[in-house]
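Read off the chains here:
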Amino acid sequence: MSKGRIIVIDDEDIVLISCQRALAPEGYDVRIVKSGMDGLKMLESEAFDLVLTDLKMPDIDGIEVLRIVKGKWPSVEVIIITGYQTVETAVKAMKLGAFDYIEKPFTPEQILSVVKNAIAHRASE
Amino acid sequence: MKTKVKKTLYSLTGKLILTIGAMMIVGSITFWYFLIYYQERELLKNSVKYSLSFVDYVKKSTRYGMLTFQQLLIQQTVEAIGSAEGIMRVRIFDSKGKVAYSSKKEEIGTILGKNDPLCRSCHSESVKPRDMQSWSIRRDPEGYRILNIVQPIYNEPACYTSYCHVHPKEQRVLGLVESDVSLSLLDKAMKRQKIAITAFVFGFICLISVVLCTILWNLVSTPVSILTQGMERVAAGELDYTVRIDTRDEMGELARAFNAMTADLSKAKKELIEWGNTLEKKVEEKTEAIRKAHEQLIHSEKLASLGRMAAGVAHEINSPLTGIVTFGHLLLKKFPEGSQEREDIEVIIEQANRCSSIIKGLLGFARATSAEKSSANINDILNSSLNMVRHKADFFNIKIVLNLDESLPSIRADASQIQQVFLNMIINAADAMDGKGTLTLSTRKVVENGNPFAEIEFNDTGHGVSEENIPKLFEPFFTTKPVGKGTGLGLAVSHGIIQDHGGKIFVKSTLGEGTSFFVRLPFYEEKA
Ligand SMILES: Nc1ncnc2c1ncn2[C@@H]1O[C@H](COP(=O)(O)OP(=O)(O)O)[C@@H](O)[C@H]1O
Ligand SMILES: [Mg+2]
């Protein structure tokens, strides 16, 4: 039984692979997609506990993904991955319902701890 | 010499002297002429009067002789009278024009015709002879005048009733008494007088001319030439030159007006020069200010484009860095602790993290220009910055002295950015002191170019900055710290932030003794 179903959305392969390699060995069911559109499509067809999304993407950006996810599936947690964190965007994301945010580059330990917190938070709801 | 005379003639003085002189000469000559003319007329009038009474006297002296017809007595009387001084001749004519008696015996008996010059005066063209006394003047060979007097002898009862019965009753004029009186004495006196008067008038003209020339020279010519000279000197630029004419007349007034004018001129010129100087200085100051502003603009432009580039780079680089860090960590787990491979992988991770921190530094530029400023307390920001580093090992042996002006008004700032600047300053100071020394933080109010600022001083007892490095401190990527420790971005970003806040940042340092960084920020002003 998996610890949780996670979908990672980022336009960069290396970030997707890093997340998968950091999280999958720890018992999470990780799906990766290369765009916001694909991510939303997959969310329509499958159920997820957690969404990890990059902020800056070509088609739909992270804030938009966050808004749609929180609108359709309020119980699904969202974590924002940011290339260059600013207080403003972080505050904005939190206001829109994001659980947390994580700065690139991150270590496997850092992403694991954020994900663990989020899953635990969802379970406690 | 000739031109000088000409110049004098055309000058005001010359004209005045000529005019007044001419008037004086004309006046004197007129005076002289009338004086002589009237005197002569008066004298002649008197001479005629006396001569007439003299002839009357002849008539009366001979009356008795006539009435008694004593011809010898009459002749003797006439001769006696004729010998008197000044009397040249006395003659008595009868009615036929024959000389009856004469002071000159040889003339007796001669008959003068009616055409004789003596008779023409009465017996002219008129039919009836004029029976009145008359006089005429002629000149003797020497040029002196001779007064000729003729007086008729009228018939009277005593004549025609006397016993001799020479004259009938009907005859009206019995004869004439005629006399020549010499006026030579009078003429001589007149001549002397004329000479005396002429001499006097001439002397008078000369004297007046000299006096007039002197007065005019002193009153007009001298002051005018002094004034002219003064004007030439002033025109030549000698503006502090004054003319000296102390008279109370118009010339003195003119001189005073002239001096006042030169004084005004000199003052105006001085002001102009001063103005020119200050203008030059002002232009220099403005040029300097513009140059500085331009430099600053270029600097902030540089920083802003650096910030834009950093934002792009950050996004692109952070993803591969994520891969390096993640896979590094994954790989790390595959090797036992203390193995060479593990050490190598740790270097990879460390260098990747260094890349990340460089990028974070660069992102400071991107943020420096998008700050949200509000009222903030500078002392509070300083204290919170200190609290963030105090517990770190680097600060254990550093003495921190606070010198804060608690009455300092709040500033207009983005507190988190200012905190970033302060942290930078504090960490730099600790690095410079190599872990031990004194860090003094002071806040105070200063006034620069009339504008108040809050000033924060970060003073350390570290190694200082060499003179040649001072201008480079605020350049991006300038660092003297070992690779891995410094990025050279701290001061550059701080500079950008402070500049964006309308403040300034500068440094004073002595190599080997310590460094002071100063940050000046404008106070918060309520918007009206
Ligand atoms: N308080 C100080 N005393 C002496 N040198 C200093 C001090 N602060 C800064 N510097 C010099 O300025 C350089 C640039 O500083 P900074 O821009 O903060 O970059 P970094 O700290 O990463 O080197 C430093 O490397 C150091 O040589
Ligand atoms: Mg620094």
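Computed from a predicted structure; not experimentally measured.

**Student:** Looking at this structure, I do not really get the overall build of chain A. What am I missing?
**Tutor:** Counting its regular elements, chain A contains five helices and five strands. Ordered by position in the sequence, the α and β elements of chain A form the string β-α-β-α-β-α-β-α-β-α. Here chain A, with 125 residues, has 49% of them falling under the buried criterion. When the accessible surface of chain A is split by element, carbon and sulfur atoms take 54% of a total near 5700 Å².

**Student:** Mind showing me how you'd approach the packing of aromatic side chains here?
**Tutor:** When we look at a pair of aromatic rings, we describe it by the centre distance and by the angle of the planes. All names here are of chain B. Counted according to the given criterion, the structure contains eight aromatic pairs over all chains. Ring geometry for Y37 and Y38: centres 5.5 Å apart, planes at 80 degrees, overall edge-to-face. Site record: aromatic cluster; members linked through ring pairs are Y33, F34, Y37 and Y38. Cation over ring: K508 sits above F518, and NZ or CZ is 5.2 Å from the ring centre.

**Student:** What am I meant to see in the nonpolar core here?
**Tutor:** Nonpolar side chains in soluble globular proteins generally cluster together in the buried interior. One finds B:I411, B:I418, B:F422, B:I456, B:F458, B:F517 and B:L521 to be the most contacted residues of the largest nonpolar core, which totals 39 residues. Broken down by secondary-structure element, the contributors of at least two residues to this core are α9 (378-390), β8 (411-413), α10 (415-433), β9 (436-448), β10 (451-460), α11 (490-500), β11 (504-510) and β12 (514-522) of chain B. Per-element tally for this core: the top contributor is α10(B), with nine residues. Setting aside anything within four residues of it in sequence, one finds B:F517 in contact with B:M425, B:I456, B:E457, B:F458, B:L473, B:F474, B:L491, B:F506 and B:V507. Listed in part, the 21 residues of the second largest apolar core include A:L112, A:V115, A:A118 and A:I119.

**Student:** Help me out: how do you make sense of the interface of chain A and chain B in this one?
**Tutor:** Many structure descriptions define interface size as the accessible area lost when the parts assemble. Facing the 21 residues of chain A at the interface are 22 residues of chain B. Where chain A meets chain B, there are zero salt bridges. One can count one residue pair in polar contact (both at pLDDT 80 or more) joining chain A with chain B. Looking at the side of chain A that touches chain B, the elements with two or more residues in it are α1 (13-23) and α5 (108-124) of chain A. With six residues, α1(A) is the single largest residue contributor to the side of chain A that touches chain B. Its residues assigned to classes, the side of chain A that touches chain B shows eight nonpolar, five polar and eight charged.

**Student:** Would you mind showing me how to read the site of ligand 1 here?
**Tutor:** Residues and elements named next belong to chain B. Near ligand 1 there are 21 residues, and of these D460, T479, T480, K481 and L491 occur at the shortest range. Within the backbone of T487, one N or O atom sits 2.9 Å away from an oxygen atom of ligand 1. Between an oxygen atom of ligand 1 and a main-chain N or O atom of G490, the distance comes to 3.5 Å. Secondary-structure elements contributing two or more residues to the shell around ligand 1 are α10, α11 and β12. No other element matches α10, which puts four residues into the shell around ligand 1. Residue composition of the shell around ligand 1, grouped by class: eight nonpolar, eleven polar and two charged.

**Student:** Looking at this model, I keep getting lost on unusual backbone geometry. Mind explaining?
**Tutor:** Excluding glycine, a negative phi dihedral is what most residues carry, and trans is how most peptide bonds are arranged. The amide bond that connects A:K104 to the next residue, A:P105, takes the cis arrangement and shows omega of -10 degrees. With respect to the secondary-structure elements, A:P105 resides in the loop between β5 (100-103) and α5. The residue B:N449 is not glycine, and still its phi comes out positive at about 50 degrees. Here B:N449 lies in the loop between β9 and β10. We note that B:F477 has phi near 70 degrees; this positive angle belongs to a residue other than glycine. As for its placement among the helices and strands, B:F477 is situated in the loop between β10 and α11. Residue classification places B:F477 among the partly exposed residues on the basis of a relative accessible area of 44%.

**Student:** Before we go on, may I ask you to explain the sheet that holds strand β1 (residues 5-9) of chain A in this structure?
**Tutor:** Backbone-to-backbone hydrogen bonds pair the strands of a sheet. The strands run either parallel or antiparallel. Residues and elements named next belong to chain A. On the basis of which strands lie adjacent, the open sheet formed by five strands has the order β2-β1-β3-β4-β5 and parallel pairing. Edge positions in the sheet fall to β2 (29-33) and β5, since each of these pairs with one other strand and no more. Taking each pair of neighbouring strands and ignoring which way they run, the sheet shows an average axis angle of 20 degrees. For strand β3 (residues 50-54) and strand β4 (residues 77-82), the ladder comprises five bridges, and the chain directions are parallel. By the bridge assignment for β4, T53 is matched with I80. Against the sheet, helix α3 (residues 62-72) makes contact with β1, β3 and β4, and its axis sits at roughly 180 degrees relative to β4, the strand it touches most.

**Student:** How do you make sense of the side chain of B:S51 when you look at a structure like this?
**Tutor:** Residues and elements named next belong to chain B. The residue S51 is located in helix α2 (residues 12-67) in this model. Residue classification places S51 among the buried positions, given a relative accessible area of 5%. With residues near it in sequence (within four places) discarded, S51 still touches L147, I149 and V181.

**Student:** I'm lost on α5(A) in this one. Help?
**Tutor:** Given 3.6 residues to a turn, an α-helix orients residues that are three or four positions apart in the same direction. All names here are of chain A. A rise of 1.5 Å per residue sets the reference length of α5, with its 17 residues, at 24 Å; its end C-alpha atoms lie 24 Å apart and thus fit the reference within 8%. Of the residues making up α5, those classed as buried are P108, I111, L112, V114, V115, A118 and I119. Summarising the axial view, the buried residues of α5 lie within an arc of 165 degrees, below the 170-degree limit, and thus occupy one face.

**Student:** In this structure, what is going on with the layout of surface pockets? I would like to understand it.
**Tutor:** The probe, sized like a water molecule, is rolled over the atoms to show the empty space still left. Residue and element names in this part refer to chain B. Roughly 700 Å³ of volume is contained in the second largest pocket. M66, I92, I153, H167 and L174 are, among the 29 residues lining the second largest pocket, the residues nearest its centre. Of all the elements in the fold, those that place two or more residues in the lining of the second largest pocket are α2, β1 (87-94), β2 (99-102), β4 (145-154) and β5 (173-182). No other element matches the seven residues that α2 contributes to the lining of the second largest pocket. Counted by class, the lining of the second largest pocket contains 14 nonpolar, seven polar and eight charged residues.

**Student:** Where do I start with the environment of B:G86 in this structure?
**Tutor:** Here B:G86 is to be found in the loop between α3 (71-82) and β1. Separated by 94 residues in the primary sequence, B:G86 and B:D180 have C-alpha atoms spaced 8.7 Å apart.

**Student:** Explain the pairing of β5(B) to me, please; I cannot follow it from the model alone.
**Tutor:** Consecutive side chains along a regular strand alternate between the two faces of the sheet. Residue and element names in this part refer to chain B. Of all ten residues that make up β5, seven are buried, and the element is covered over most of its length. Taken together, the seven bridges between β1 and β5 define a ladder with antiparallel strand orientation. The partner of I87 across the bridge, within β5, is V181. Here β4 pairs with β5 via nine bridges, running antiparallel. The partner of P152 across the bridge, within β5, is L176.

**Student:** Looking at this model, I keep getting lost on the sheet that holds β9(B). Mind explaining?
**Tutor:** Residue and element names in this part refer to chain B. Across the sheet, five strands lie side by side as β7-β9-β10-β12-β11; this open sheet has mixed pairing. Where the open sheet ends on each side, the last strands, each with one partner, are β7 (397-403) and β11. On average, each strand axis in the sheet is inclined to that of its neighbour by 20 degrees, with strand direction left out of account. Sheet topology note: the β11/β12 ladder contains seven bridges and is antiparallel. Paired with T510 across the two strands is G514, which belongs to β12. Contacting β7, β9, β10 and β12, α9 crosses the sheet at an angle of about 165 degrees to β9. Against the sheet, α10 makes contact with β7, β9, β10, β11 and β12, and its axis sits at roughly 30 degrees relative to β10, the strand it touches most.

Conventions we followed
- Residues numbered from 1 in each chain as written.
- Chains lettered and ligands numbered in written order.
- Predicted model: local features only at pLDDT ≥ 70, side-chain atom pairs only at ≥ 80, totals over all residues.
- Heavy atoms only, no water.
- Helix = DSSP H or I, 4+ residues; strand = E, 2+ residues; numbered from the N terminus.
- Buried < 20%, exposed > 50% of the residue type's maximum accessible area, 1.4 Å probe, protein only.
- Areas by Shrake-Rupley, 256 points an atom, 1.4 Å probe, with all protein chains shown as cover.
- Phe/Tyr/Trp six-rings, centres within 6.5 Å; stacked < 30°, edge-to-face > 60°.
- Lys NZ or Arg CZ within 6 Å of the ring centre and 35° of its normal.
- Core = buried A, V, L, I, M, F, W, Y, C linked by side-chain atoms within 4.5 Å.
- Contact = heavy atoms within 4.5 Å.
- Salt bridge = Lys/Arg side-chain N within 4 Å of Asp/Glu carboxyl O.
- Polar contact = N/O pair within 3.5 Å; in protein donor to acceptor, adjacent residues only side chain to side chain.
- Nonpolar A, V, L, I, M, F, W, Y, C, P; charged D, E, K, R; others polar.
- Near = heavy atom within 4 Å.
- Pairing = 2+ DSSP bridges.
- Axes fitted to C-alpha atoms, helices over the stretch in contact; angles between N-to-C directions.
- Expected span 1.5 Å × (residues − 1).
- Arc of directions from axis to C-beta.
- 1 Å grid on protein atoms, 1.4 Å probe; cavity = no way out; pocket = protein on both sides within 12 Å on 5 of 7 lines; lining within 4 Å.
- Points joined across faces, edges and corners; volume = space filled by probe spheres on them.

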